[in-house]
Amino acid sequence: MREAWQGPLEKIDDYRWRIPQSYDARMQVPGLIFASEKLLKEIVKDQSLQQVANVAMLPGIVKASLAMPDIHWGYGFPIGGVAATDPDEGGVVSPGGVGFDINCGVRLMRTDLTQEEVQPKLRELIAGLFNTIPCGVGMHGDIRFSQKDAPKVMTRGSHWAVSQGYGTKADLVHTESQGCLEEANPDMVSERAVKRGQSQLGTLGSGNHFLEVQSIDTIFDEGVANALGLSVGQVLVMIHSGSRGFGYQICDDYLDVMERAMQRYGIRVPDRQLACAPVQSDEGRRYLGAIRCAANFAWANRQCLMHLARGVFERIFGKGWEQLGMILIYDVAHNIAKFERYRVNGAEKTVCVHRKGATRAFPPGHPEIPEAYREVGQPVIIPGDMGRNSYLLAGTAEAIEQSFGTVCHGAGRVMSRAQAVREAAGRSIEQELEGQGIIVMGRGRKGIAEEQPSAYKDVNDVVHVVHNAGLARRVARMRPLGAIKG
Amino acid sequence: MADATGYEFFEHTADVGMRVRGASLAELFIHAAQGLVALVAEDSAIRPTESRPVALAASSVEELLQAWLTEFIVWFDVECFLPGAYELEAVSATSLRGRVRGERFDPARHTHGTEVKGVTRHQFRVEKADGHWEAQLIFDV
């Protein structure tokens with residue numbers, strides 16, 4: 001099924017490649033891929049570049065169908081795909097450009113602890129996190145909301161979580177969109193979605209979701225690192241999760257709605273998963289109203305997860321989380337569709353930006369980033385794999401020009417799950433990681449094998465492209481100390 | 001094509017592809033559900049202690065198969081219910097009716113497999129060929 005790319009690919013420079021619009025008459029814009037020659041060797045092996053071309057066929061798409069260097073084969077959009085559509089020109093919104101896990105994202109929290117202080121208690125810490133934070137299939141959480149409270153979770157997001165005591169107002173300031181998208185419409189959400197979400201707040205999920213304890217091993221930009229209060233050896237906590245069953249159900253519900261809408265509006269797309277409707281249609285507005293609820297649910301979820309993690313640190317280190325300096329650095333969404341303003345063909349326009357496995361990266365001075373980061377740019381969190389590194393970057397003005405203020409979202413898979421399990425046969429990935437000083441605890445038998453480091457591209461190669469293409473600049477690199485997985 | 005179990009998984013970079021085969025539409029649906037359960041709970045033995053009715057209608061056989069699998073994804077998400085035995089009384093290309101027996105997920109006895117988020121529509125196919133039914137789909141995991 002991994003059909004290699006046979007189409008044209010034109011080199012623009014060392015980090016940019018183009019699929020010309022002439023490749024397929026249905027393409028409205030060219031494809032633009034940010035990658036190095038090294039990464040491209042893997043990228044061409046699966047169907048992701050065909051998916052870049054497919055996205056270029058969406059009605060109302062502007063500038064280009066973009067792909068980040070962590071691109072790989074997804075469904076509908078490639079993972080690592082970015083597209084902006086112009087609502088005034090019949091531009092569409094597509095669930096295939098957001099995915100099932102609406103507002104899957106990452107948050108990064110600092111601590112005042114150093115690696116030396118954490119090391120003697122590392123096993124106890126990871127076990128504490130593993131036993132406290134529900135992870136893996138069939139594991140429900142204790143943080144529940146009633147049917148009556150459901151609209152509050154959907155419309156207030158992280159603000160609801162903070163109102164229940166899961167964190168403080170300062171956390172909200174350091175969250176993309178302050179952890180709450182306006183114009184979320186609970187009337188557009190099915191009862192089934194609410195049921196799926198009710199016992200899943202404060203749960204991690206499985207697959208590639210994780211909570212990782214990391215230490216900073218390199219600082220690239222002293223100025224920005226100082227502004228964020230970061231130095232080498234400092235311990236950080238990274239959380240990767242999304243909107244859980246609540247968001248998955250909203251995606252599923254609206255795929256059906258969009259398929260019917262396409263017949264109504266006479267839209268044709270090359271892949272059923274790219275089903276879409278004009279942003280300015282009833283179906284488009286309903287979908288946007290619903291996904292904002294899911295985005296808010298996801299922010300509430302990550303807020304609850306962070307609260308649970310703080311509690312574990314308090315228990316293990318015998319101090320309050322404030323005393324431990326456990327301040328949220330930032331929280332970013334990497335599966336989302338939002339309205340943002342950009343210059344398109346010489347005019348300032350509001351466009352609908354789809355980020356499917358891609359992260360918002362706004363430059364210094366941008367009004368949507370918190371006061372504290374106004375001079376340095378938005379913190380951009382790029383998780384790698386559990387054996388190598390993760391990164392903290394800062395947004396640049398160039399990303400606004402080149403990629404609708406967007407960069408990659410991680411390392412990107414290079415190996416299928418089945419192949420990863422085969423590669424791990426007769427080995428214990430946990431023991432191998434422990435040999436490198438990394439303690440990983442997971443519920444599933446196959447989960448850790450599927451998520452082994454070699455299943456991913458090297459995040460260092462991915463970030464190299466993003467940095468050198470000017471889309472964001474490196475601030476700090478982390479290495480994992482321990483992680484919990486589903 | 002699908003092995004003796006009636007389903008097989010194929011490689012997809014990020015997610016999980018599945019091909020399913022059945023002598024009849026009913027068998028195709030049962031094999032697809034068994035494949036889904038194999039992902040979620042791997043080789044766990046499932047006791048048929050709880051019986052539930054299932055009745056679905058859709059506008060095409062593709063939508064019916066999506067609805068059937070989504071039903072189990074939702075049951076598992078909400079109540080940790082794992083299906084283990086299927087009695088389909090009436091199956092057509094656009095509707096089905098029957099009962100499903102199974103039990104709640106028990107971490108002490110069942111294996112934690114992969115959380116299935118949903119059934120994608122990417123490369124989704126249901127076809128009748130040489131007197132049997134075949135389907136191909138990709139789960140988001």
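Residues numbered from 1 in each chain as written. Chains lettered and ligands numbered in written order. Predicted model: local features only at pLDDT ≥ 70, side-chain atom pairs only at ≥ 80, totals over all residues.

A short note on helix α2 (residues 61-79) of chain B
Argument step 1. Along its 19 residues, α2(B) runs 27 Å from first to last C-alpha, staying within 8% of the 27 Å computed at 1.5 Å per residue.
Argument step 2. In the stretch just after α2(B), B:C80 is the one whose phi turns positive, near 55°. (Helix = DSSP H or I, 4+ residues; strand = E, 2+ residues; numbered from the N terminus. Expected span 1.5 Å × (residues − 1).)

Here's the deal with the pairing of strand β8 (residues 132-140) of chain B
Argument step 1. With seven bridges joining them, strand β2 (residues 16-22) of chain B and β8(B) adopt antiparallel strand pairing. Within β8(B), the residue paired with B:G17 across the bridge is B:I138. (Pairing = 2+ DSSP bridges.)

Considerations on the nonpolar core
Argument step 1. Grouped together as the largest cluster of nonpolar side chains are 170 residues, with contacts concentrated most on A:L211 and A:L393.
Argument step 2. A:L211 has contacts with A:L129, A:I133, A:L204, A:V237, A:I239, A:L305, A:A309, A:A483 and A:I484, leaving out every residue within four places of it along the chain.
Argument step 3. Counting 43 residues, the second-largest nonpolar core is a separate cluster that includes B:F29, B:I30, B:V74 and B:V141. (Core = buried A, V, L, I, M, F, W, Y, C linked by C-beta atoms within 7 Å. Buried ≥ 20, exposed ≤ 12 C-beta atoms within 10 Å, placed from the backbone. Contact = placed C-beta atoms within 7 Å.)

Comments concerning the packing of helix α4 (residues 122-132) of chain A against helix α11 (residues 282-317) of chain A
Residues and elements named next belong to chain A.
Argument step 1. The geometry of α4 relative to α11 is characterised by a closest axis approach of 9 Å and an angle of 140° between their N-to-C directions. Classed by the angle they form, the pair α4 and α11 counts as oblique. Seen along the crossing, α4 lies across α11 with a hand that is right-handed. Contacts between α4 and α11 pair E124, L125, G128, L129 and T132 from the former with L308, A309, G311, V312, R315 and I316 from the latter.
Argument step 2. For the contact of α4 with α11, the class distribution of residues is six nonpolar, three polar and two charged. (Axes fitted to C-alpha atoms, helices over the stretch in contact; angles between N-to-C directions. Parallel < 35°, antiparallel > 145°, perpendicular 65-115°, else oblique. Left-handed = near helix turned anticlockwise from the far one by under 90°. Nonpolar A, V, L, I, M, F, W, Y, C, P; charged D, E, K, R; others polar.)

Some points on the interface of chain A and chain B
Argument step 1. Residue-level contacts link 38 residues of chain A with 32 residues of chain B.
Argument step 2. Elements represented by at least two residues in the side of chain A that touches chain B include exactly β4 (61-75), α8 (191-197), α10 (244-265) and α13 (417-423) of chain A.
Argument step 3. With five residues, the top contributor of residues to the side of chain A that touches chain B is α10(A).
Argument step 4. Tallied by class, the residues present in the side of chain A that touches chain B amount to 11 nonpolar, 14 polar and 13 charged.

By themselves, these are just geometric observations and shouldn't be taken as functional.
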